[in-house]
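The chain contents come next:
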Amino acid sequence: MKRAWINYVLDILMLLTAIVLGISSLLVWVVLPKGYSPQWLLWIAIHKWSGFALFAEAFVHIALHWRWLWTMTKKVLRR
Ligand code: HEM
């Protein structure tokens with residue numbers, strides 16, 4: 001797969017994961033009553049794993065743009 005496609009697929013995946021994380025965050029934060037109901041356990045699991053997935057995806061995203069990030073950092077520090 002070409003580099004541009006890898007970046008594209010990863011970025012779409014990050015967007016979708018962020019949407020799932022956002023919805024689950026709102027549900028466990030303001031909507032659902034805290035406790036051990038099946039609904040709470042389901043959404044806290046979705047929240048936990050989408051949070052973990054987004055973290056891992058962001059790590060890969062940064063790794064793929066490491067050279068760009070390094071070049072920019074040097075430019076900024078030289079100013
Ligand atoms: C990358 C972002 C995030 C990660 C990795 C993450 C991860 C987690 C994890 C691992 C738990 C514990 C799950 C368990 O008890 O099994 C949790 C609980 C929770 N999170 Fe997040 N979270 C993130 C973002 C957010 C955001 C943006 C909100 C709200 C605006 C939020 C609200 C909550 C709430 C309300 C709980 C339940 C706390 C409780 O049990 O009292 N989280 N989160």
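Above this text is the structure in question.
A quick note: this is a predicted structure, and the numbers were derived from the prediction, not measured.

By nearness alone, every residue bordering the ligand is listed as L21, S25, V28, W29, K34, I44, H47, K48, G51, L54 and F55. Listing elements by their share of the shell around the ligand, those giving two or more residues are helix 1 (3–31) and helix 2 (38–64). The greatest single-element share of the shell around the ligand, amounting to six residues, is contributed by helix 2. In the shell around the ligand, the residues fall into six nonpolar, three polar and two charged.

Its place among the elements puts S50 in helix 2. Each C-alpha atom, one on S50 and one on I12, is 14 Å from the other, the two residues being 38 residues apart in sequence. If near-sequence neighbours (up to four positions away) are discounted, S50 is found in contact with T17, V20, L21 and S24.

To continue, consider the environment of L42. Mapped onto the elements, L42 comes out in helix 2. Judged by the 13 C-beta atoms lying within 10 Å of it, L42 falls in the partly exposed class. Spatially, the C-alpha atom of L42 lies 9.8 Å from that of S24, the residues being 18 residues apart in sequence.

Cut-off values and rules
- Residues numbered from 1 in each chain as written.
- Predicted model: local features only at pLDDT ≥ 70, side-chain atom pairs only at ≥ 80, totals over all residues.
- Near = placed C-beta within 6 Å.
- Helix = DSSP H or I, 4+ residues; strand = E, 2+ residues; numbered from the N terminus.
- Nonpolar A, V, L, I, M, F, W, Y, C, P; charged D, E, K, R; others polar.
- Contact = placed C-beta atoms within 7 Å.
- Buried ≥ 20, exposed ≤ 12 C-beta atoms within 10 Å, placed from the backbone.

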